Amino acid sequence: LALVAATAVLSVDGARVHAESPSPQRAGELRIQGRWFLDEHDRRVLLHGVNNVDKTAPYVQPGDGFTVTAEDARLLARHGFNTVRLGVSFDGLMPNRGELDERYLDRVAHVVDVLGAEGIHVLLDNHQDGLSEIWGGNGFPEWALESRPFPGEPNPGFPLYYLMPSMNRAWDEVWNNSNGVLDHLGDALAALAERVSDKPAVLGIELLNEPWPGTAFPTCFPAGCPAFDREYQAVHERLTERIKGVAPELPVFWEPNVTWNQLMPTHMADPPWTPPITDERVAFSFHDYCLASQAATYLGLPEELVGACPAQHELTWSHADDFVARTNVPAMVTEFGDGDPRVLANTLQRADERFVGWHYWHYTSVVGSAEERRDPFGGELGKQLVRTYPRATAGTPESMDFDAETGRFEYTYQPEPATAPTEIYVSDRHYPNGYEVSVRGGRVVSAPGSSVLLVESTGSEPVTVDLRA
Ligand code: IDC
């Protein structure tokens, strides 16, 4: 077996032609192995991309929210992005009790195809903010819930509306499966899974964006809430089973309850626990906002508080590290940034150090202004987000460092058999006069100056790639 694999490593011609031709490579199916995503060539894949979440009905239609056109997909691919977190909505999937909207499913499937054709892996995110339009948010359909705002109850809007007593009551309905709300959600997600299960570009389904604990929320401070998380985990297990029933291969992304964003750890998968999570179908989706920066943006708290951001990110990542250590599943940062360039490096450096993939929040904030439309990833944002990075590694990554100021990229990995060479996307923002590269333990097999650098190992020693402007 080893011999076959080793022979295959040497036949790189197909991949070589591919990477150098301008035509995109379709997104192939990824699978989970331990804490890695592997591609069809057995390479470890790193995912960089953006969020695209349309929060107004009919959710994935061209309109005021956002549009994913082939042009967007090409733009993202051109800047080296290989993933999009695409919002889908329970309200969109099941606008009436028990009735699926097939046209909505078709539209989601269409957007997946458009992105997949450009090599972009799509994470389908069952999005919600503020539970439902009932509270001025989005996500759960009105028919699914009985609670309504109390007469005269003030609604402070996002994000403080999570403190509204009526909304907390409604979240309790969700966790108690009142009127079968979770069963309906399971049906809706299973229908989505079934609809996309033959599409290799689908990275997975994220069960629920930023779930709020409901009236249990005070128990989550200051150390997280094991009792709530146990219940919450059971919900995740049930929904995961539901999806596996129709799409056994499709990864399912679990997300901690959203007191995580207020720096609480998750107690999901706390021991003792017999995990379905080691069955190589589950991944971890977490958000890495700086609480101080968010408080400045949304609550008008002083900007100086962003000084506290590095420490806050550190805490969030230690919580993520703990979760990954006890589950050994892949993690991804599925939201961060929120238009604040001051905090980007905090997330991106930590993600690089751990080879954790990410989705920047949010694509429409990138293409908002006329200037941004001309050059969406220009300026500070592009300098940070458009990175030189190993999209696919024929081996196990050991260390990586990218300097967003100078474009210097240093990467070491332990080579292992794979059927295609290591593929490094070279940023189009950092090397106006081309780049220089030196490789130890391997050799470059792409053409000089290629935007995708292909590297092959020459032995069993670690491969080190050093690339600079
Ligand atoms: C924000 C949008 C903002 C909108 C708000 C409520 O950027 O324009 O008013 O939602 O719909 C999250 C959420 C994500 C938020 C994002 C940024 O998952 O939907 O988008 N954020 O605030 N959690 C923390 C931050």
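Just above sits the structure.
Presented here is an overview of the structure given in this document. Just so we're clear, the structure is a prediction, and the values are computed from it rather than from any experiment.

Cut-offs applied
- Residues numbered from 1 in each chain as written.
- Predicted model: local features only at pLDDT ≥ 70, side-chain atom pairs only at ≥ 80, totals over all residues.
- Heavy atoms only, no water.
- Helix = DSSP H or I, 4+ residues; strand = E, 2+ residues; numbered from the N terminus.
- Buried < 20%, exposed > 50% of the residue type's maximum accessible area, 1.4 Å probe, protein only.
- 1 Å grid on protein atoms, 1.4 Å probe; cavity = no way out; pocket = protein on both sides within 12 Å on 5 of 7 lines; lining within 4 Å.
- Points joined across faces, edges and corners; volume = space filled by probe spheres on them.
- Nonpolar A, V, L, I, M, F, W, Y, C, P; charged D, E, K, R; others polar.
- Phe/Tyr/Trp six-rings, centres within 6.5 Å; stacked < 30°, edge-to-face > 60°.
- Near = heavy atom within 4 Å.
- Polar contact = N/O pair within 3.5 Å; in protein donor to acceptor, adjacent residues only side chain to side chain.
- Areas by Shrake-Rupley, 256 points an atom, 1.4 Å probe, with all protein chains shown as cover.
- Core = buried A, V, L, I, M, F, W, Y, C linked by side-chain atoms within 4.5 Å.
- Pairing = 2+ DSSP bridges.
- Axes fitted to C-alpha atoms, helices over the stretch in contact; angles between N-to-C directions.
- Contact = heavy atoms within 4.5 Å.

With that settled, consider the environment of A57. The residue A57 is located in the loop between strand 4 (48-52) and helix 3 (70-78) in this model. Residue classification places A57 among the exposed positions, given a relative accessible area of 54%. With 294 residues separating them along the chain, A57 and A351 place their C-alpha atoms 33 Å apart.

Below, the discussion takes up the layout of surface pockets. The space that makes up the second largest pocket amounts to roughly 550 Å³. Lining of the second largest pocket is provided by 23 residues; of these, F158, P159, N261, Q262 and Q294 occupy positions nearest its centre. The greatest single-element share of the lining of the second largest pocket, amounting to five residues, is contributed by helix 9 (residues 291-299). Of the residues assigned to the lining of the second largest pocket, the class counts are 14 nonpolar, four polar and five charged.

What the rule picks out here adds up to 27 aromatic pairs. Relative to Y298, the ring of F158 has its centre 5.1 Å away and its plane inclined at 85°; by these criteria the two rings are edge-to-face. Within this pair, whereas F158 is found in the loop between strand 6 (121-126) and helix 6 (165-175), its partner Y298 is found in helix 9, the two being separated by 140 residues in sequence. On the basis of relative accessible area, F158 is assigned to the partly exposed category, the value being 35%. On the basis of an interplanar angle of 55° and a centroid distance of 5.9 Å, the ring pair of F355 and Y411 is categorised as tilted.

This part takes up the site of the ligand. In the region of the ligand, 13 residues are neighbours, and K55, D129, E210, Y298 and E335 sit closest. Between the ligand and the protein, one listed contact pairs an oxygen atom with a side-chain N or O atom of H127 at 2.9 Å. Residue E210 places a side-chain N or O atom 2.6 Å away from a nitrogen atom belonging to the ligand. With the chains in place, 75% of the 500 Å² that the ligand exposes on its own is no longer accessible.

Counting 113 residues, the largest nonpolar core has L124, L131, F140, W171, F284, W358 and L385 as the members making the most contacts within it. A per-element tally of this core places helix 7 (residues 181-196) first, with nine residues. Formed by eleven residues, the second largest nonpolar core is a distinct cluster that contains L203, F253, A283 and A392.

Here the focus is the sheet that holds strand 5 (residues 83-88). Within the closed barrel, the eight strands sit side by side as 4-5-6-7-8-9-10-11. Their pairing is parallel. The mean inter-strand angle of the sheet, taken between neighbouring strand axes irrespective of direction, is 30°. Judged from the three bridges that link them, strand 8 (residues 252-254) and strand 9 (residues 282-287) form a sheet pairing that is parallel. The residue of strand 9 that forms the bridge with W254 is F284. With respect to the sheet, helix 10 (residues 309-327) is in contact with strand 9 and strand 10 (331-335), its orientation differing from that of strand 9 by roughly 170°.

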